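# Secondary and tertiary structure notes
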Amino acid sequence: MRTLFFLLQKEFRQIFRDRIILAMILILPTMQLILLPLAANYEVRHIGVSIVDHDRSVASQQLLRKITATDYFNLVRYTNSYPDAFTLIESNQTDVILEIPEGFERGLVRENEQTLFISTNAINGVKANIGAAYLNRIIMDFNADLRTELLSDAKGHVQPLIDVRTIDKFNPHLLYHVFMVPGILALLLTMISVYLSALNIVKEKELGTIEQINVTPITRLQFISGKLIPFWLLGFVTLTIGLLVARFVYGIVPEGNIALIYLFSGVYLTAVLGLGLLISTVAETQQQAMFVAFFFMMIFIMMGGLFTSIESMPQWAQWLTYLNPVRYIIEVMRLVILKGAGFSEIRFHFLVITGMAIILNSWAVLKYRKMA
Amino acid sequence: MNTVPIISVRNLTKAFGSFTAVDAISFDVAPGEIFGFLGANGAGKTTAMKMLCGLLSPTSGEARVAGFDLATQTEDVKRRIGYMSQKFSLYEDLTVEENIRFYGGIYGLTLAEIRRKTAELAADLGLVEEMQKLVRSLPLGWKQKIAFSVALLHDPAIVFLDEPTGGVDPVTRRQFWDLIYAAAHRGVTLFVTTHYMDEAEYCHRVSIMVDGAIKALDTPHALRKRFGASSMDDVFTLLARGAQRSAD
Amino acid sequence: MKQLYTFVRKEFLHVLRDKKTLLILFGLPVVQILIFGFALTNEVKHASVFIRDEAHDDASRALMERIDASQVFDVVQSGPANLDLIIPSGFAHDLSHGGRATVQIITDASDPNRATTLSTYLTAIIADHQLALSELQGIPYLIRTTTRFTYNPQLKGAPNFVPGVMALVLMLVCVMMTSISIVREKELGTMEILLVSPFRPLMVIVAKVIPYLLLSVVNIISILLLSVFVLGLPINGSIPLLFSMSILFIITSLALGVLVSTIAATQQVAMLVSMMGMLLPTLLFSGFMFPIENMPLPLQLISNAIPAKWYYNIVKAVMIKGLGMDAIMKEAIILFGMALLLTAISVKRFKVRLA
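Residues numbered from 1 in each chain as written. Chains lettered and ligands numbered in written order. Predicted model: local features only at pLDDT ≥ 70, side-chain atom pairs only at ≥ 80, totals over all residues. Heavy atoms only, no water.

### A few points about the overall build of chain B
Just so we agree on the cut-off: Numbered from the N terminus, helices here are DSSP runs of H or I no shorter than four residues, and strands are runs of E no shorter than two. Whether a residue is buried, partly exposed or exposed follows from its accessible area with a 1.4 Å probe, protein chains only, as a fraction of its type maximum: under 20%, in between, or over 50%, in that order. Contact definition: two residues touch when any of their heavy atoms are within 4.5 Å. The protein chains shown are the only cover counted for residues, whose accessible areas, like all others here, come from Shrake-Rupley with a 1.4 Å probe. Neither His nor the chain termini are counted; the positive set is Lys and Arg, and the negative set is Asp and Glu. Charge positions are represented by NZ for Lys, CZ for Arg, CG for Asp and CD for Glu.
Within chain B, the regular secondary structure consists of eight helices and 10 strands. When the backbone C-alpha atoms are referred to their principal axes, chain B occupies close to 50 × 40 × 40 Å. Every one of the 248 residues in chain B was classed for burial, and the buried ones make up 55%. Put simply, 69% of the contacts in chain B that link residues at least 6 apart link residues at least 24 apart. For chain B, the accessible area works out to roughly 10,400 Å², and carbon and sulfur atoms hold 51% of it. If the 27 positive side-chain charges of chain B are averaged to one point and the 29 negative ones to another, these points end up 2 Å apart.

Here is the structure:
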């Protein structure tokens, strides 16, 4: 125990003297949490639309106005040449083209139906799909208005209209950052912890100071604990800063118990630090440690359910995510902060992460050899 | 040897695949001796020393160090020895005092003892003003002396020094050997590797390693006589003429 | 020239000897493509819908059937679902008599993206149903639409992310590896030896950078091969054009790597700056993960300063859209300008700081 005390004293001294590490724990998370949610927004808005109007009638003008009235669409070009509009798709200036055929208004009255042509840049398939859906909705509304106008004295022709009202639970204003911030916080916590712990032991290896340690009677458990504990404590600092930013910059107040968040984070930090330490014991250079850590992090982040939802993944991928610690903390963060979940809802998460913590740290202790 | 040897090595071998770095060496070191472990770069000195410190596992052979069996009681051995590596390995981003505090604590010294030792070290090395400075800011000669003193903090029975005077000026080298003598005087056994042949003269006994094996072991005086050489340098040249390996 | 060759050879040996890092450098793009290609998608499939049918009439049943028949939604009988749909009583009656009926969707908006996507899809299905009903009843003045999805008729994810992965991987390898490699020499002290030698500083840079240039080219090739043969995404445009633009981007990234190495004192800092200062902005502002037009204006401007954004657009244009040089002229010139500028700055700084 005494040994551990001295170890921790040394580690903390080194950490506080290293401005880079301090910046990472304090400044970086703050900056990232403020910047990322602003940029990370999947909403489909301000879609550039070009309207090719061969008709130039009152009706087409009305449709034009209706489309541009919303902030779903920005009018990029109003033209009567389709090739003209298409070059805009080619040059990324517009994403959607609506083509109104010649004789649209007249044809609608005379023949009772008309077809409009939508062409979208579908490289981003989801965006295109949603954009098309919005446009269709607007056209349909326009159709209803037009019909009402044309049939202003009719009684028999009652068009069936299904009105859809939407209630959004947990996030009534559909604020995207409410969703992203807890997840990004979880991500930052993970990245910082893995990065710092992965580099730590390797650095001693590269510098040669680890030899001096290996020649002392320090046990492996003491050594690894000495590396684990400081970053574990600092993880809480980062967490607190993150929660403060969430509160004061984004107005996110946890629905659930904050203590639960801290409790889970404690176990989680142990697990990811364990991963970093494990990497650190097998890597030979800092560069290697960094790359291996990055590799894992990248996969964890991609499959963590933050940027794309786990439910959309194919079954085999969903099963794989059970091995991904990031998945659990993102879920817990969201469940507790946004939905006010209690311990019983995250029992499973606790169990898994505790298991990971034990396995990874034990592995790190066993892998570390004082005698080569 | 009249007394029980403090280091006793029998057929200690280290092979890395097909390359035998240390080839079945055997020797004894008496308590209080300054034992010089000489050889060219690549002869296997550092490898042998690392085995004796418990840093490297032997491929075969036995050793007893400071009263414990090296293979089965490694951690006990570590409690009784001190080590100064070839590459400077104290913490550059800590002060002198902080390094002492850390290592003193690790070895089980009480805070009072640590304080006392720190003051002693500062006085002995004449570094009273430097104690609060980061080690990184000190010149190499001072660093080496501090490393040596740290190795002695816990009053070990043996101190292993790997090329302790590498890269320092002759005056500092001289001062360093003064420190070594002072320690020997107190009863510490010193196991020193070096490729400076003149330093061999300072040792009680010397062994010369060539290509992983001990080619000669005796007092400097006896070796010079045996080989009809006027200096240890010449002794070494004679022995090393047939050497195959030249770099560590 | 011979000197340069010796130097480059030494650098290559360094890189090739570090097997673990090499494995990751080659494995990274492969893994990313595989994950993006097979595991990730923003598409919605098999979302669960719980329908509380209070009407129990023909109209509500017809609607439910249509929803169930769609690929996007699976109707569930109970329990937590992704979406809830409430069809109030008197649904059929309202439709036929007043012409207007209301249904209610309840979403779990803790994931607003998914919530909006799901409710948009469900609303679209309901709208289709409405249209079908209209046609059935012979409603006049009907406007139909046909939609053409250009460049990606099957709405696959690959056309969007393959160019993104290319930009990301190249940026990562070039900036991180180059900066770390140079800073490592600084830290170990061997840089001084190099600079004291008859090598000109420019030669030092070139030698350091060449292995990663070649590595990056290998990476591009492997990404393209995977994309064509595993993901079924063909290269529609000119391959030489694609390669030459890629090399331009590589040079830009390498210059960035050298620049970072002049700022960072230790490897740790180099890694940090590469990650946070280069990788993260690339991820965010290139337009590959998040649409740029949604961002606040200042961020949109920042996005213009990111070389990866221009390269990403170039790759999309050439590889997916099959366009030629004239279409990407603007982007190419900007990228070229960036390459030139960054190379000049980084070489100058290298000479000043390190030489």
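### Quick notes on the interface of chain C and chain A
By a widespread convention, an interface's size corresponds to the accessible area lost as its parts come together. Heads up, the rule is: The buried area of a pairing is the accessible area, by a 1.4 Å probe, that goes missing from both parts when the two are put together, added over both. Here a salt bridge means any side-chain nitrogen of Lys or Arg lying within 4 Å of a carboxyl oxygen belonging to Asp or Glu.
Chain C puts 98 residues into the contact, and the matching count from chain A is 110 residues. The junction of chain C with chain A conceals about 10,000 Å² of combined surface from both sides, 64% of it contributed by carbon and sulfur atoms. Considering only the side of chain C, the residues that lose the most area to chain A are Tyr141, Ile143 and Gln268 of chain C, jointly responsible for 9% of the buried surface there. Put simply, chain C and chain A have four salt bridges between them. Across the salt bridge formed by Glu113 of chain A and Arg144 of chain C, the nearest N and O atoms sit 2.6 Å from each other.

### A short note on the sheet that holds strand S4 (residues 100-108) of chain C
Keep this limit in mind: Only when DSSP finds a minimum of two bridges between them are two strands counted as paired. To get an axis, fit a line to the C-alpha atoms, keeping to the stretch in contact for a helix; angles then go from 0 to 180 degrees between the N-to-C directions.
Sheet architecture is open: five strands sit in the order S5(A)-S4(C)-S3(C)-S1(C)-S2(C), paired in mixed fashion. Both outer strands of the open sheet, strand S5 (161-169) of chain A together with strand S2 (73-76) of chain C, are each paired with one neighbouring strand and no more. Direction aside, the axes of adjacent strands within the sheet are offset by 30° on average.

### Topic: the packing of aromatic side chains
Operational definition: Between the rings of Phe, Tyr and Trp (Trp by its six-membered ring), a pair exists once the centres lie within 6.5 Å; its type follows the angle of the planes, with under 30 degrees stacked, over 60 edge-to-face, and the other angles tilted. Lysine and arginine charges are scored as sitting over a ring when NZ or CZ, respectively, is within 6 Å of the ring centre and within 35 degrees of the ring normal.
Tallied over the full model, the rule gives 32 aromatic pairs over all chains. Between Tyr72 of chain A and Tyr134 of chain A, the aromatic rings sit 4.1 Å apart at their centres with planes inclined by 40°, giving tilted as the arrangement. One end of the pair, Tyr72 of chain A, is in the loop between helix H3 (58-69) and strand S2 (73-79); the other, Tyr134 of chain A, is in helix H6 (residues 125-150), and 62 residues separate them in sequence. On the accessibility criterion, Tyr72 of chain A (25% relative accessible area) is partly exposed. Residue Tyr134 of chain A is classed as buried on the basis of its relative accessible area of 12%. The lysine or arginine in question, Lys309 of chain C, covers the ring of Trp310 of chain C, its NZ or CZ lying 5.2 Å from the ring centre.

### Description of a nonpolar patch on the surface
The cut-off we apply is this: A patch consists of residues whose relative accessible area exceeds 30% and which take part in no salt bridge; residues with like charges are grouped when within 9 Å of each other, and nonpolar side chains (Val, Leu, Ile, Met, Phe, Trp, Tyr) when within 5 Å.
Together, Trp316, Leu320 and Leu323 of chain A together with Leu34, Phe38, Ile221, Leu225, Phe229 and Val230 of chain C make up an exposed nonpolar region whose accessible area comes to about 890 Å². Elements that contribute at least two residues to the nonpolar patch include exactly helix H12 (315-320) of chain A together with helix H2 (19-39) and helix H8 (201-230) of chain C. Considering the arrangement of structural elements, one finds Ile221 of chain C in helix H8. Judged by its relative accessible area of 36%, Ile221 of chain C falls in the partly exposed class.

### Focus on the pairing of strand S3 (residues 34-39) of chain B
Residue and element names in this part refer to chain B. Extensive coverage of S3 is indicated by the burial of six of its six residues. As defined by bridge partners, S3 adjoins strand S8 (residues 189-194) across five bridges and the pair is classed as parallel. Across the sheet, Gly36 pairs through a bridge with Val192, a residue of S8. The pairing of S3 with strand S9 (residues 205-210) spans five bridges and is classified as parallel.

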